Amino acid sequence: MPDRPGDQWDRRVANGLAFLRRRLAGDYEVDEFGFDPELTDAVFHPLLRLLYRDWFRTEVSGVEHVPVDGPALVVGNHSGTVALDALILSAALHDKHPAHRYLRLLGADLVFRMPVVSEIARKTGGTVACNPDAERLLGGGDLVGVFPEGFKGIGKLYADRYKLQRFGRGGFVSAALRTGTPIVPVAIVGGEEIYPMLADIKPLARLLKLPYFPVTPTFPWLGPLGMVPLPSKWLIQFCPPIPTAHLTDSADDPLVVFNLADQVRETIQQTLHSLLERRPDPFGP
């Protein structure tokens, strides 16, 4: 029997009230890192879904390369002045993956020193970007997301868009090697245009103890309105996984680590070039 008008809203209200009762009663679970799947599904992912689906018109391809179960290390390029790409990637992967898997993001220390941001990061499954935490998550069979460029990636000028920065010392490779985890490179196009950084006011950044202080076409000129991201067209492509199980004895070999990190970096860079050819207009449909 089809729903009567109002039945759908009645169910939504009932579900919302049940959710609030569980939260107020403490009847929910978090893991050892503070990850709260129920809150993520009910609050954070719906908000991110509006961004990636409606505002950025995101197209996702290659999700079949992400394992249906078991661990994998998802390695992406970083950009955008504000690290929305990590959040968009986690929500889009969860929605598009047949098993609706969660991506456990590794974040910089700064993220976990900020009062409200730290709590949100923990609740949505994030943790500090360090090898012990990464290895514990991978050892538990989780999908782990890492952005090796760090602040060098999100804080680069618009003139350097889609040019991958250095991948550091390759700590993410060591974590994958020690756990025998496949590495899934992912290329993200669209993040560079949401807050195009025209300049970095370094003295002000040092004063505020920030990695950079951006000047964009809208910030700081428009105040809070300058924080609204521009509606660029996003493309996300997951690449075939790179196996590491045969290299577990080489986790401490700098040459093996460097070569594997370079292979991942080159894969992402070449995929970015192909995606940019598919998207000639950054703000197209």
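The structure we're discussing is the one just above.
Residues numbered from 1 in each chain as written. Predicted model: local features only at pLDDT ≥ 70, side-chain atom pairs only at ≥ 80, totals over all residues. Heavy atoms only, no water.

## A short note on the overall build of the protein chain
Argument step 1. In terms of helices and strands, the protein chain carries nine helices and nine strands.
Argument step 2. In terms of overall dimensions, the protein chain has C-alpha extents of about 65 × 50 × 40 Å along its principal axes.
Argument step 3. Considering the protein chain as a whole, with its 285 residues, one finds that 45% of them fall into the buried category.
Argument step 4. Residue pairs at least 24 apart in sequence account for 78% of intrachain contacts in the protein chain once pairs closer than 6 positions are excluded.
Argument step 5. Accessible surface computed for the protein chain: about 14600 Å², of which carbon and sulfur atoms make up 61%.
Argument step 6. Averaging the positions of the 30 positive and the 33 negative side-chain charges in the protein chain gives two centres separated by 5 Å. (Helix = DSSP H or I, 4+ residues; strand = E, 2+ residues; numbered from the N terminus. Buried < 20%, exposed > 50% of the residue type's maximum accessible area, 1.4 Å probe, protein only. Contact = heavy atoms within 4.5 Å. Areas by Shrake-Rupley, 256 points an atom, 1.4 Å probe, with all protein chains shown as cover. Lys, Arg positive; Asp, Glu negative; His and termini not counted. Charge placed at Lys NZ, Arg CZ, Asp CG, Glu CD.)

## A short note on the environment of G171
Argument step 1. Of note, G171 is situated in helix α7 (residues 171-179).
Argument step 2. Overall, the relative accessible area of 31% leaves G171 in the partly exposed class.
Argument step 3. With 42 residues separating them along the chain, G171 and A129 place their C-alpha atoms 9.4 Å apart.

## A few points about unusual backbone geometry
Argument step 1. Cis geometry marks the peptide bond from F219 to P220, where omega comes out at 5°.
Argument step 2. Its place among the elements puts P220 in the loop between β8 (214-215) and β9 (235-238).
Argument step 3. Phi at T81 takes a positive value of approximately 70°, unusual for a residue other than glycine.
Argument step 4. The class of T81 is buried, set by a relative accessible area of 9%.

## Focus on the pattern of salt bridges
Argument step 1. Applying the stated criterion across every chain yields a total of 12 salt bridges.
Argument step 2. The residue R104 makes a salt bridge to D31 at a minimum N-O spacing of 2.9 Å. Residue R104 is located in strand β3 (residues 103-107), and its partner D31 is located in the loop between α1 (7-25) and α2 (37-55); the two are separated by 73 residues in the primary sequence.
Argument step 3. For R104, a relative accessible area of 2% translates into the label buried.
Argument step 4. Of the charged contacts, one joins D200 and K202 as a salt bridge, the two residues approaching to 3.2 Å between their closest N and O atoms.
Argument step 5. In this structure, a network of salt bridges that share partners links the residues E32, D133 and R136. (Salt bridge = Lys/Arg side-chain N within 4 Å of Asp/Glu carboxyl O.)

## Here we look at the sheet that holds strand β5 (residues 143-146)
Argument step 1. Pairing is mixed in the open sheet, where seven strands are placed in the order β1-β9-β6-β2-β5-β3-β4. A single partner strand is all that each edge strand has here, and the edge strands are β1 (59-61) and β4 (127-128).
Argument step 2. In this sheet, β9 lies alongside strand β6 (residues 183-189) in antiparallel orientation, the contact comprising four bridges. Each bridged residue has a counterpart across the sheet, and for A187 the counterpart in β9 is Q237.
Argument step 3. Seen against the sheet, helix α9 (residues 254-278) touches β1, β2 (72-76), β6 and β9 and runs at an angle of roughly 35° to β6. (Pairing = 2+ DSSP bridges. Axes fitted to C-alpha atoms, helices over the stretch in contact; angles between N-to-C directions.)

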